[in-house]
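Structural description and commentary
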Amino acid sequence: MATEQAPGVAQSKEIEDLRLRGRQIGEFLMVYKFALEELTTKVEILREEINYRKGSSPIEHVSTRLKTMDSIVAKAERRGIDFNPVAIAANLFDIAGLRIVCSFISDCYEVTEMLTAQTDVKVLEVKDYIADPKANGYRSLHVIVEVPVFLSTGVRPTPVEIQVRTVAMDFWASLEHKIYYKYAKDVPAHLGDELTAAALAARELDEKMQSLHREVRVGRPRWV
Ligand code: 0O2
């Protein structure tokens with residue numbers, strides 16, 4: 001004979017389950033947050049050191065983001081990844097994201113080189129959308145790296161997606177992102193065409209600024 005549970009007991013079991021799930025999610029995301037903090041410190045050290053030596057830095061600004069649980073679930077579903085922490089950790093490499101915005105195209109490559117040359121930064125994948133832009137005009141250098149996060153329980157190598165881009169690339173990408181979501185990923189053709197034209201203009205601006213920068217650097221007196 002089945003014994004009926006008092007409503008209060010069922011409710012407190014539900015609350016307990018929810019609490020446990022919340023804790024598991026928190027623990028799962030925590031390591032990505034730590035990996036971002038490590039990488040942010042590395043970038044800030046580079047920025048400060050270069051600024052100290054040269055009087056200016058190639059890094060304009062740095063930002064980080066952790067994917068939301070909703071976004072992780074959506075991507076796991078899209079990719080047919082089992083929804084458990086082990087499968088997700090083994091297949092999704094952009095749960096933690098670091099974006100570095102630089103002044104010039106050459107800075108994007110130089111800063112990436114300085115960061116990835118560090119012995120505790122392991123490169124897993126490089127996608128160079130600066131050399132080879134997406135069809136819509138999107139440009140950025142994407143590098144997936146793995147950094148060791150030292151926990152009380154041991155070391156956890158953790159992947160982070162680094163996006164490196166110029167101010168012009170960043171301006172374009174943030175507007176395109178807003179438009180993309182405003183139209184629920186179904187951007188009207190004329191807007192799409194205008195965005196692609198704007199990406200081309202941003203690219204021309206980057207190239208012009210790069211060549212001016214090179215000319216000033218080559219032609220400057222030794223003490224500058
Ligand atoms: P969020 O919120 O910015 O992180 P996928 O992630 O499935 O699309 P893949 O191969 O994992 O594909 O990644 P890909 O193509 O290297 O791009 C991943 C990230 O780059 C995106 O993350 C964006 O941040 C950025 N990105 C790529 N293409 C575009 C683009 O056309 N326009 C803009 N504005 N950003 C782009 P998320 O997860 O889509 O979004």
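I will try to describe carefully the structure that is included in this document. (Residues numbered from 1 in each chain as written. Predicted model: local features only at pLDDT ≥ 70, side-chain atom pairs only at ≥ 80, totals over all residues. Heavy atoms only, no water.)

Comments concerning the sheet that holds strand 3 (residues 122–128)
- Spatially, five strands are ordered 1-2-5-4-3 in an open sheet, and the strand pairing comes out mixed. Single-partner strands in this sheet number two, and they are strand 1 (59–66) and strand 3. Along the sheet, successive strands turn relative to each other by an average axial angle of 25°, direction set aside.
- Bridge count between strand 2 (residues 96–102) and strand 5 (residues 154–166): six bridges; the pairing is parallel. Looking across to strand 5, one finds that I100 is bridged to V164.
- Relative to the sheet, helix 5 (residues 167–182) contacts strand 1, strand 2 and strand 5, its axis offset from that of strand 5 by approximately 95°. (Pairing = 2+ DSSP bridges. Helix = DSSP H or I, 4+ residues; strand = E, 2+ residues; numbered from the N terminus. Axes fitted to C-alpha atoms, helices over the stretch in contact; angles between N-to-C directions. Contact = heavy atoms within 4.5 Å.)

Quick word on the site of the ligand
- Taken together, the neighbourhood of the ligand is formed by 18 residues, with R65, K75, K127, K134 and E176 sitting nearest.
- For the ligand, an oxygen atom lies 2.8 Å from a polar atom in the side chain of N136.
- Protein contact buries 73% of the 720 Å² of open area that the ligand shows by itself.
- With respect to the pocket detection grid, the ligand is positioned in the largest pocket.
- Of all elements in the fold, only helix 2 (69–79), strand 5 and helix 5 reach the threshold of two or more residues within the shell around the ligand.
- For the shell around the ligand, the per-class residue count stands at three nonpolar, four polar and 11 charged. (Near = heavy atom within 4 Å. Polar contact = N/O pair within 3.5 Å; in protein donor to acceptor, adjacent residues only side chain to side chain. Areas by Shrake-Rupley, 256 points an atom, 1.4 Å probe, with all protein chains shown as cover. 1 Å grid on protein atoms, 1.4 Å probe; cavity = no way out; pocket = protein on both sides within 12 Å on 5 of 7 lines; lining within 4 Å. Sits in = over half its atoms within 2 Å of the grid points. Nonpolar A, V, L, I, M, F, W, Y, C, P; charged D, E, K, R; others polar.)

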